[in-house]
Every structure is written in structure tokens, then in C-alpha cells.
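What follows is each chain in one-letter form.
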Amino acid sequence: MKQTLTTEQLQFIEKALIEKCDFKDFNDVRLEMVDHLASEIEEEMNHLNSDFRTAFIKVMTKWNPLILPKTISFYSNVPYIVCKLWKSLDSKFYFGSLVLSILLTFVFYKLIESGTSLVTFLVPVISIGLIANVYLFYKKITTKVTTTLSVYAYKRIYKNSLTFILFIVLNIALSLDGDNFKLFPLYYGLIYFSILMVSRAFVAHKNIKIENQLLKVI
């Protein structure tokens, strides 16, 4: 007769992921991992006639390299499988923000050089960044279920927001002197953090669908 795991055994697996592997805040990945691990444990029990504990230890040992917490870059005490996803997002968003910021700074330099008002440049950049920032804080407050994407989107939100506001203040204050060309390093910083806010807001928005699906099963 085919063996299937009991509710208590499934809860045991989930508890191990939370306590030993720090999956507490990653509800989406944790539920998927419970399903994967349960399937492999059942296969061990049915094909090799193993008891639950023996099968559990064997399967967990196999998955340990991916699920145990590791420190990568800025991320510590996070399951390696989550670190890998976050690092791929970092590579995409930080590199994209860097390249786009350099390009836009050059474009605005040429526009200002040709006589375009500084306000024409500052207002859209500041407005877009602030809107994205407000959206991030709103989603952080209203999010009901934490997921891999939501934790990533709101990570370092206070530090990034304060840095963005600092660049806004410096750009506005120093531009009053009239020598706009000396401020281009500050323009770059303002554009960079504005784009960074938008990218994080995009991740937060993408998370809505995942959150709604999780609310149906949790």
C-alpha cells in the first residue's frame, strides 16, 4: 500500500525549514519546498521501504546545499536558494540602473548645455522617484504575506529612501548657485536612486499576484 505523509509529518518538514533553514519570511518558497521534500520523502518510503525519519534525513541532506542559510554579498542568514534569486535580481536592477543613469545624465547634460531649464529635468526625475517611494512604503505597510519578492523589494528601503531624499535636497540647494554643470555627479546620484526606487516598486507590484495566491492557501 502506498504511503503518504500525515499532516503532522508535513508540519514537521515545514518546522525544520523555518527553524533550521530560516524560511520563516519566505512563504512562497517554503510552501514549494515542503511539497518537493514531501514528494521525495514519500518516494523514499515507498520504493526503499524507509521509515519517515530515515527518509527525511536522507532527503534533507541532499537539499542542504540549496536550503541552508549562507552569506552572499549583502545577504546573510538567508537560504541559499533565496540568495541566488536575489543576486540575479541585483545583477539585473543595479546594472540596469547604472547604465540607464549614465545615459540619462549624459542626455540631460546635453539638454542643459543647449539651454534647457534645469527644472525640466529635475521635476520629472524627482516626481517619478517619490511616487515609486511612496508606493513601496504603502505596499510594505499593507502586505499581508511575506514572500521572496516582497522581502527583496522592501530590503534597505529606509536607507535608499534617505539617500534619495538627500540627493533631492543637495540638487535643489546647490542648483540655486546657478552653476549647473558642476552638479552633474549629483544629477547622476539623483537619477540612479530614482530608477532604483522604480525597480523596487516594480518588484513589489509583481509580488501582488503571488501574495493573492498565497492568501488562498495559507
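If you're wondering where the values come from, they're calculated on a predicted model, not measured in any experiment.

On to helix α5 (residues 118-142). In a regular helix each residue adds 1.5 Å, so 25 residues correspond to 36 Å; α5 covers 36 Å between its end C-alpha atoms and thus fits that length. By the burial criterion, the buried members of α5 are Leu118, Phe121, Leu122, Val125, Ile126, Gly129, Ala132, Asn133, Leu136 and Lys139.

In this structure the tally under the stated criterion is zero disulfides. Here Cys21 is not cross-linked by a disulfide; its sulfur's nearest cysteine counterpart is in Cys83, at 13 Å. Relative accessible area serves as the criterion here: at 0%, Cys83 is assigned to the buried category.

Bringing the nonpolar core into the picture now. In terms of nonpolar packing, the biggest core is built from 40 residues, with Ile13, Leu17, Ile41 and Trp86 touching the most fellow members. Secondary-structure elements contributing two or more residues to this core are α1 (7-21), α2 (27-47), α3 (52-67), β2 (75-79), α4 (80-113), α5, α6 (148-154) and α8 (184-217). Those residues in contact with Ile13, other than ones at most four positions away along the chain, are Leu5, Val34, Leu37, Ala38, Ile41, Phe52 and Phe56. One finds Phe121, Phe184, Phe193 and Leu196 within the second-largest nonpolar core, a separate group that totals 19 residues.

This next bit is on unusual backbone geometry. A positive phi angle, near 60 degrees, is found at Asp22, a position not held by glycine. Its place among the elements puts Asp22 in the loop between α1 and α2. With relative accessibility at 30%, the residue Asp22 sits in the partly exposed group. Unusually for a residue other than glycine, Asn49 sits at a positive phi of about 55 degrees. Here Asn49 is to be found in the loop between α2 and α3.

With respect to the secondary-structure elements, Phe108 resides in helix α4. A relative accessible area of 16% means that Phe108 is categorised as buried. The contact partners of Phe108, leaving out residues within four places of it in the chain, are Phe121, Val125, Phe184 and Ile191.

So, about the pattern of salt bridges. Tallying each qualifying case throughout the model produces three salt bridges. Between Lys62 and Glu40 there is a salt bridge, and its shortest N-O distance comes to 3.2 Å. Taken together, the positions of Lys62 in helix α3 and Glu40 in helix α2 put the pair 22 residues apart, joining distant regions of the chain. Overall, Lys62 belongs to the exposed group, its relative accessible area being 56%.

So, about the confidence of the model for the protein chain. The share of residues in the protein chain with pLDDT of 70 or more is 94%, and the mean pLDDT across the chain is 87. No element of the protein chain has a lower mean pLDDT than strand β1 (residues 69-72), which averages 74, and none a higher one than α1, which averages 94.

What follows covers the side chain of Arg200. Along the polypeptide, Arg200 turns up in helix α8. Within the buried set, Arg200 has no salt-bridge partner at all; the shortest N-O distance to an opposite charge, 4.2 Å, is to Asp90. For Arg200, the residues in contact, after removing those within four places along its chain, are Asp90, Tyr94, Leu136, Tyr152, Ala153, Lys155 and Arg156.

Moving on: the packing of α1 against α3. One can describe the packing of α1 onto α3 by two numbers: an axis separation of 12 Å at closest approach and a directional angle of 35 degrees. Here α1 runs over α3; the crossing is right-handed. Here α1 contributes Gln9, Phe12, Ile13, Ala16, Leu17 and Cys21 to the contact with α3, which in turn contributes Phe52, Arg53, Phe56, Met60 and Ile67. Across the contact of α1 with α3, the residue classes tally to nine nonpolar, one polar and one charged.

One way to put it is that α3 packs onto α4 with a least axis distance of 6 Å and a crossing angle of 30 degrees. For the element pair α3 / α4, the angle class is roughly parallel. On the side of α3, the interface is formed by Pro65, Leu66 and Ile67, while α4 contributes Tyr80, Ile81 and Lys84. Its residues assigned to classes, the contact of α3 with α4 shows five nonpolar, no polar and one charged.

Calculation criteria
- Residues numbered from 1 in each chain as written.
- Predicted model: local features only at pLDDT ≥ 70, side-chain atom pairs only at ≥ 80, totals over all residues.
- Heavy atoms only, no water.
- Helix = DSSP H or I, 4+ residues; strand = E, 2+ residues; numbered from the N terminus.
- Expected span 1.5 Å × (residues − 1).
- Buried < 20%, exposed > 50% of the residue type's maximum accessible area, 1.4 Å probe, protein only.
- Disulfide = S-S within 2.5 Å.
- Core = buried A, V, L, I, M, F, W, Y, C linked by side-chain atoms within 4.5 Å.
- Contact = heavy atoms within 4.5 Å.
- Salt bridge = Lys/Arg side-chain N within 4 Å of Asp/Glu carboxyl O.
- pLDDT = per-residue confidence, 0-100.
- Lys, Arg positive; Asp, Glu negative; His and termini not counted.
- Axes fitted to C-alpha atoms, helices over the stretch in contact; angles between N-to-C directions.
- Left-handed = near helix turned anticlockwise from the far one by under 90°.
- Nonpolar A, V, L, I, M, F, W, Y, C, P; charged D, E, K, R; others polar.
- Parallel < 35°, antiparallel > 145°, perpendicular 65-115°, else oblique.

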